[in-house]
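Descriptive structure summary
Single-letter residue listing:
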Amino acid sequence: MAEKPWQGRFDQPTNKLVEDYSASIHFDSRLYRYDIEGSIAHCRMLAECKIISHDEASLIVGHLGEIQREIERGKLPMETFQEDIHMAIEQRLIQRVGEVGGKLHTARSRNDQICLDMRLYMRDVLCQTRALLLDLQKVLVALAEQNLDVIMPGYTHLQHAQPVLLAHHLMAYYEMFERDDERFADCFNRTNVFPLGSAALAGTTFPIDREWTAKYLGFPKISANSMDTVSDRDYLMEFAAAAAILMTHVSRIAEELIIWSTSEFAFIEISDSFCTGSSIMPQKKNPDVPELMRGKSARVIGNLMSLLTLTKALPLSYNRDLQEDKEPVFNSADTVLSTVRLLAKLLPEIRFNRRRMAEAANEGFSLATDLADYLVRKGVPFRKAHHAVGQVVHFCIQNGKKLQDCTLEELRNFHKAFDSDVFSFLDLATAVDQRTSAGGTASSCVRKAVRSAQLALQTKQESLDEKFARNNEKQPVT
Ligand code: ARG
């Protein structure tokens, strides 16, 4: 067993329980590629600044590349005694090149090294999350466009409220995911700051060039304060918060898909390939995928709480507590990426039962507001109109009628302003298309919303392609 790099000051070997308890290698080994990328950049900078020679740097860089290939071929076992990914790679480097490998860690600490690894990793996660969200938004907009003529009940309190277009309902989720994307884009800006060179906490005595390394790794700016840098986990909390909000949005659409596929609603059918059966009840076809999406939002919300609690009241600067940031972040990233990817595949697998949705929209007196609005147009104050229509509804309930079944005389019993033209307003399509206020459900508005979303997504696609070209080549390591 190799000696620990910090063994010099110690008389006794580490207790095995301590070694197991403090090791992070079983979860931070997934950062190997970022660790090596950061080490290569750091090593080249050390040579640029004449802290090590160019020959030494070339040797180290060459072997770091080899070590990456070893890891990818499963040839470098990750063992608990190595503690973390940084030491596993450094130890292997020294094994391969001898003492000169020990020069790599000049002017660097694991405290700033882990910050760099995580920022490189998070840049990839954020780019990939945004790319997958873009796909999801495209799917929603395409579905909205295909269903521009489908009317369904709009709900408040899960009670029939007013008829809406299915496309309008779908575009509501487009808007939620648009705000999610803005949050991830904003988080990217604060993630994209270069931490290395802060060293343990106070900076370094060597004449390093942080700007050089930052530029090499594509960071537009370097962090300002070394103590803040090794302690700062804000960008991870921001990611976890954006992820938690996104997952609550996902849980809402998941819940609707679950309700809509019950035989009571029967608004949709999810294709067999996205459902599962029951081991006991032969008739069952269960919406397990949306149920799991709804369920997995719990862990992502929990991860945010873990990170906030982890950092609360933590004194400056680096504390080992901070090692506990990784698992919640990885878990939120993995969950968000797999969920968004699957949701974009699931939605096109849904068959909407247009007839059932329209029938349901006709139930529950959903045109009552239209009847009141009709009276208002005849000059009746809204509050009076509301009261009169309330009485009409009461009359209908007692007589087992729908609003449109009432005769003109019956309506006129409740208000004299009702006239023969009232019946043309008691129509679902008319009710929908009259809601032309900006952002309303009228098909003219929804068509416009779909069109402008298509243009916005096109522009976003182009800017993502261009802005994150470097990051999109990579997939975050899982
Ligand atoms: N595994 C540690 C972490 O994730 C590495 C950072 C430095 N470790 C240390 N003992 N100072 O935070």
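You'll find the structure just up there.
Scope of this entry: the structure provided in the associated data block. Note that the structure is predicted; figures quoted are calculated from it, not measured.

Thresholds applied
- Residues numbered from 1 in each chain as written.
- Predicted model: local features only at pLDDT ≥ 70, side-chain atom pairs only at ≥ 80, totals over all residues.
- Heavy atoms only, no water.
- Helix = DSSP H or I, 4+ residues; strand = E, 2+ residues; numbered from the N terminus.
- Rg over C-alpha atoms; globule rule 2.2 N^0.38 Å.
- Buried < 20%, exposed > 50% of the residue type's maximum accessible area, 1.4 Å probe, protein only.
- Areas by Shrake-Rupley, 256 points an atom, 1.4 Å probe, with all protein chains shown as cover.
- Lys, Arg positive; Asp, Glu negative; His and termini not counted.
- Charge placed at Lys NZ, Arg CZ, Asp CG, Glu CD.
- Phe/Tyr/Trp six-rings, centres within 6.5 Å; stacked < 30°, edge-to-face > 60°.
- Salt bridge = Lys/Arg side-chain N within 4 Å of Asp/Glu carboxyl O.
- Near = heavy atom within 4 Å.
- Polar contact = N/O pair within 3.5 Å; in protein donor to acceptor, adjacent residues only side chain to side chain.
- Pairing = 2+ DSSP bridges.
- Core = buried A, V, L, I, M, F, W, Y, C linked by side-chain atoms within 4.5 Å.
- Contact = heavy atoms within 4.5 Å.
- 1 Å grid on protein atoms, 1.4 Å probe; cavity = no way out; pocket = protein on both sides within 12 Å on 5 of 7 lines; lining within 4 Å.
- Points joined across faces, edges and corners; volume = space filled by probe spheres on them.
- Nonpolar A, V, L, I, M, F, W, Y, C, P; charged D, E, K, R; others polar.
- Axes fitted to C-alpha atoms, helices over the stretch in contact; angles between N-to-C directions.
- Parallel < 35°, antiparallel > 145°, perpendicular 65-115°, else oblique.
- Left-handed = near helix turned anticlockwise from the far one by under 90°.

Here we come to the overall build of the protein chain. The secondary structure content of the protein chain amounts to 19 helices and six strands. Here the C-alpha radius of gyration of the protein chain, 30 Å, is well above what a compact globule of 478 residues would show, namely 23 Å. Over its C-alpha atoms, taken along the principal directions, the protein chain stretches across nearly 100 × 50 × 40 Å. Within the protein chain, buried positions represent 50% of all 478 residues. A total accessible area of about 22,900 Å² is found for the protein chain, and carbon and sulfur atoms account for 52% of it. Averaging the positions of the 57 positive and the 64 negative side-chain charges in the protein chain gives two centres separated by 3 Å.

A word on the packing of aromatic side chains. One pass over the structure, following the stated rule, counts eleven aromatic pairs. Between Y121 and F330 the ring centres are 5.1 Å apart and the planes differ by 80°, which places this aromatic pair in the edge-to-face class. Of this pair, Y121 sits in helix α6 (residues 110-146) while F330 is found in helix α12 (residues 326-346), placing the two residues 209 residues apart along the sequence. As far as the burial class goes, Y121 and F330 line up, both buried. Geometrically, the ring pair formed by Y155 and F265 is tilted, given 6.0 Å between the ring centres and 50° between the ring planes. In this pair, Y155 sits in strand β1 (residues 151-156) while F265 sits in the loop between α10 (234-260) and β5 (268-270), placing the two residues 110 residues apart along the sequence. Chaining the aromatic ring pairs together yields one cluster made of Y155, W260, F265 and F267.

S317 follows L316 through a cis peptide bond whose omega is 0°. Within the secondary structure, S317 sits in the loop between α11 (288-311) and α12. Unusually for a residue other than glycine, A266 sits at a positive phi of about 50°. When you line up the elements, A266 lands in the loop between α10 and β5.

The final tally for this structure, using the stated rule, is 29 salt bridges. What emerges from the salt-bridge pattern is a single network uniting E83, D84, R110 and R320.

Next up on the list: the site of the ligand. Inspection of the region around the ligand gives S24, D84, H86, R110, N111, I114, Y318, R320, Q323 and K326 as its neighbouring residues. Between S24 and the ligand, the recorded distance is 3.3 Å, taken from a side-chain N or O atom to a nitrogen atom. Between the ligand and Y318, the relevant distance is 2.4 Å, taken from an oxygen atom to a side-chain nitrogen or oxygen of the residue. Within the complex, the protein chains bury 88% of what would otherwise be the 350 Å² of accessible surface of the ligand. The leading source of residues in the shell around the ligand is α6, at three residues.

Moving on to the pairing of β1. Across six bridges, the pairing between β1 and strand β2 (residues 159-165) is antiparallel. When the bridges of β2 are listed, Y155 appears paired with H160. Here β1 folds back onto β2 in antiparallel fashion, the turn holding two residues, of which H157 has a positive phi close to 55°.

What follows concerns the nonpolar core. Counting residues in each nonpolar core, the largest one holds 140 residues, and the members touching the most others are Y121, F239, W260, L347 and F418. The greatest single-element share of this core, amounting to 18 residues, is contributed by α6. Setting aside residues up to four positions removed in sequence, F418 forms contacts with L371, Y374, L375, V389, V392, L408, L411 and R412.

This part is about empty space enclosed by the protein. All told, the structure shown has one cavity of 30 Å³ or more when counted by the stated rule. The volume enclosed by the largest cavity comes to roughly 50 Å³. L143, H169, L170, Y173, I253, L257, W260, L347, I350 and F352 together form the lining of the largest cavity. Of all the elements in the fold, those that place two or more residues in the lining of the largest cavity are α7 (166-191), α10 and β6 (350-352). Looking at the lining of the largest cavity, its residues break down into nine nonpolar, one polar and no charged.

It is the contact of α6 with α7, at a shortest axis distance of 9 Å, that shows an interaxial angle of 165°. By the criterion of interaxial angle, the relationship of α6 to α7 is roughly antiparallel. In the packing of α6 onto α7, the handedness of the crossing is left-handed. Its residues assigned to classes, the contact of α6 with α7 comprises 19 nonpolar, three polar and seven charged.

Attention shifts here to the side chain of H42. Along the chain, the position of H42 falls in helix α3 (residues 32-48). Among all residues touching H42, those that are not within four sequence positions of it are L104, T106, A107, R108, L196 and T213.

This paragraph deals with the packing of helix α4 (residues 54-72) against helix α5 (residues 85-97). For the pair α4 and α5, the least separation of the axes is 10 Å and the interaxial angle reads 120°. It follows from the interaxial angle that α4 and α5 lie oblique. Here α4 runs over α5; the crossing is right-handed. On the side of α4, the interface is formed by L59, I60, H63, L64, E66, I67, E70 and I71, while α5 contributes I89, R92, L93, R96 and V97.

Of note, C187 is situated in helix α7. Spatially, the C-alpha atom of C187 lies 40 Å from that of K285, the residues being 98 residues apart in sequence. Residues contacting C187, with those up to four places away along its chain left out, are L126, Y235, E238 and F239.

There is about 440 Å³ of room inside the largest pocket. If you trace the largest pocket, you find 22 residues lining it, with G154, Y155, H169, Y173 and E256 closest to the centre. Of all the elements in the fold, those that place two or more residues in the lining of the largest pocket are β1, β2, α7 and α10. The element contributing the most residues to the lining of the largest pocket is α10, with five residues. Here the residues of the lining of the largest pocket are counted per class, giving twelve nonpolar, six polar and four charged. Empty space within the second largest pocket amounts to approximately 290 Å³. Along the wall of the second largest pocket there are 15 residues; nearest its centre are S261, T262, S263, K285 and N286. For the lining of the second largest pocket, the class distribution of residues is six nonpolar, six polar and three charged.

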